[in-house]
Amino acid sequence: MNEAPLPTMATILLVEEDAAFRALVGDHLRARGHRLLETSSLLGARQILGSEALDFALIGAALLDGSGVDLVRALRATRSKLAVGILSKRLADIPHPEQ
């Protein structure tokens, strides 16, 4: 699949419960000139999604208040053009596509 590259300065939503991992990823993206909107929860993600135009979303597979994978599925249904990636430190957190 050919995906369009991110704009030079993209607005990126980063949803990850692990503060250290979120900081590591966030620092990397900011260093490349991207605008980052960060949260550790589904609730925070929904608030940002309701008020911000985004170019990309990076979402943790497992969050304290729910499933990041479920959020990705919802985004696919409501914002089909938004590029989305799933973050996970464990492969077991990401369900098989047929699930």
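Note that the coordinates shown come from a computational prediction; the quantities given were computed from them, not determined experimentally. (Residues numbered from 1 in each chain as written. Predicted model: local features only at pLDDT ≥ 70, side-chain atom pairs only at ≥ 80, totals over all residues. Heavy atoms only, no water.)

Moving on: the nonpolar core. Counting 15 residues, the largest nonpolar core has L13, V15, L49, L54, I59, L71 and L75 as its most contacted members. At 4 residues, the largest contribution of residues to this core is made by helix 2 (residues 42–49). Ignoring anything within four residues of it in the chain, the contact list for V15 reads T39, S41, A45, L58, I59, G60 and L63. Of all hydrophobic cores here, the second largest spans 9 residues; its members include L14, V25, F56 and L87. (Core = buried A, V, L, I, M, F, W, Y, C linked by side-chain atoms within 4.5 Å. Buried < 20%, exposed > 50% of the residue type's maximum accessible area, 1.4 Å probe, protein only. Helix = DSSP H or I, 4+ residues; strand = E, 2+ residues; numbered from the N terminus. Contact = heavy atoms within 4.5 Å.)

Right, let's talk about the packing of helix 2 against helix 3 (residues 68–78) for a bit. Between helix 2 and helix 3, the shortest axis-to-axis distance is 11 Å and the interhelical angle comes to 20°. The angle between the axes of helix 2 and helix 3 places the two elements in the roughly parallel class. In this structure, helix 2 crosses over helix 3, and the sense of that crossing is right-handed. Between helix 2 and helix 3, the residues in contact are L42, A45 and L49 and G68, L71 and L75, respectively. In terms of residue class, the contact of helix 2 with helix 3 is made up of 5 nonpolar, 1 polar and no charged. (Axes fitted to C-alpha atoms, helices over the stretch in contact; angles between N-to-C directions. Parallel < 35°, antiparallel > 145°, perpendicular 65-115°, else oblique. Left-handed = near helix turned anticlockwise from the far one by under 90°. Nonpolar A, V, L, I, M, F, W, Y, C, P; charged D, E, K, R; others polar.)

To continue, consider the sheet that holds strand 3 (residues 56–60). The 4 strands lie next to each other as 2-1-3-6, forming an open sheet whose pairing is parallel. Edge positions in the sheet fall to strand 2 (35–39) and strand 6 (83–87), since each of these pairs with one other strand and no more. Averaged over all neighbouring strand pairs, the angle between strand axes comes to 15°, with direction disregarded. Bridging between strand 1 (residues 11–15) and strand 2 involves 5 bridges; their strand directions are parallel. (Pairing = 2+ DSSP bridges.)

This part is about the side chain of R22. Among the structural elements, R22 can be located in helix 1 (residues 19–31). When residues no more than four places from it in sequence are discounted, the contact partners of R22 are L14, E16, E17, E38, T39 and S40.

Along the chain, H34 falls in the loop between helix 1 and strand 2. Under the relative-accessibility criterion, H34 is labelled buried at 13%. Here the side chain of H34 touches A10 through a polar contact of 3.0 Å, landing on its backbone nitrogen. (Polar contact = N/O pair within 3.5 Å; in protein donor to acceptor, adjacent residues only side chain to side chain.)

On to the pairing of strand 1, then. A regular strand places its side chains on the two faces of the sheet in alternate fashion. Counting buried positions along strand 1 gives 5 out of 5 residues, so the element sits mostly inside the fold. Neither face of strand 1 is open: one carries T11, L13 and V15, the other I12 and L14, and all of them are buried. One crossover worth recording links strand 1 to the parallel strand 2 by way of helix 1, and it is right-handed. Pairing geometry for strand 1 and strand 3, over 4 bridges, is parallel. (Right-handed = clockwise from strand over helix to strand, strands pointing away.)

Glancing now at the pattern of salt bridges. In the structure shown here, the tally under the stated rule is 5 salt bridges. The residue R22 makes a salt bridge to E38 at a minimum N-O spacing of 3.6 Å. Highlighted residues: R22 in helix 1 and E38 in strand 2, separated in sequence by 16 residues. Looking at R22, the relative accessible area reads 15%, which means it is buried. Taking the shortest distance from any N to any O, the salt bridge between D70 and R73 comes out at 3.3 Å. Of this pair, D70 and R73 both sit in helix 3, 3 residues apart, which is roughly one turn of that helix. Residue class for D70 comes out partly exposed when judged on its relative accessible area of 45%. Take R73: its relative accessible area is 41%, and that puts it in the partly exposed class. Connected through salt bridges with shared partners, the residues R22, D27, R30 and E38 form a single ionic network. (Salt bridge = Lys/Arg side-chain N within 4 Å of Asp/Glu carboxyl O.)

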